[in-house]
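# Observations on chain architecture
As a plain string of letters, each chain reads:
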Amino acid sequence: MQVQVRTDDHIHGGESLAQWLQDETTTRLARFRDYVSRVEVFLSDVDAGKSGAADKRALIEARVNGRPAVAASAEADKTAVAFTAAITKLQHALDAEVGRLKDHGRESIRGAQEPAA
């Protein structure tokens, strides 16, 4: 699974922040590695450098093999808090998406015939 990190000009942290985001993303999404080819993390400052409540945004998009992308976002006062909230939302969304992939091809309970008595 490839992890790409992008930030706007108002997010500070440089290489150490990017490395932490890549490591954390890889760890938190490890169970989906057979289904996800690429994850993109976008960090931005909503107020463009001005201080304010919940002005850091994290948007995380996962490319699921053969399916549309799955995305989650969150806003918070700090970049790390926004990222953590967004990655948690993405985990829940991927659980649902991967569950659908695993169930695809199984016979529906609605179509099952009752056994003969």
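To start, this report covers the structure provided alongside it. (Residues numbered from 1 in each chain as written. Predicted model: local features only at pLDDT ≥ 70, side-chain atom pairs only at ≥ 80, totals over all residues. Heavy atoms only, no water.)

For side chains bearing opposite charge, pairing can occur when the charged atoms are close. One pass over the full model with this rule turns up nine salt bridges. A salt bridge links R63 to E61; the nearest nitrogen and oxygen atoms lie 2.7 Å apart. Residue class for R63 comes out partly exposed when judged on its relative accessible area of 31%. Several salt bridges converge on common partners, so that one network encompasses R6, R38 and E40. (Salt bridge = Lys/Arg side-chain N within 4 Å of Asp/Glu carboxyl O. Buried < 20%, exposed > 50% of the residue type's maximum accessible area, 1.4 Å probe, protein only.)

Okay, the environment of F83 next. Within the secondary structure, F83 is located in helix α2 (residues 79-103). Spatially, the C-alpha atom of F83 lies 9.9 Å from that of A72, the residues being eleven residues apart in sequence. Filtering out sequence-adjacent residues up to four positions away, F83 remains in contact with W20, L21, E24, T25, V41, A58 and I60. (Helix = DSSP H or I, 4+ residues; strand = E, 2+ residues; numbered from the N terminus. Contact = heavy atoms within 4.5 Å.)

Attention shifts here to the sheet that holds strand β4 (residues 70-76). Read from one edge to the other, the open sheet built from four strands follows the order β1-β2-β3-β4, with strand pairing classed as mixed. Every interior strand has two partners, whereas the edge strands, β1 (2-7) and β4, have only one. The mean angle between the axes of side-by-side strands here comes to 15°, regardless of whether they run parallel or antiparallel. One ladder, built from nine bridges, connects strand β2 (residues 36-45) with strand β3 (residues 56-64); its direction is antiparallel. Counted as the bridge partner of V39 is A62 from β3. Against the sheet, helix α1 (residues 14-28) engages β1 and β2, with an angle of about 140° to β1. (Pairing = 2+ DSSP bridges. Axes fitted to C-alpha atoms, helices over the stretch in contact; angles between N-to-C directions.)

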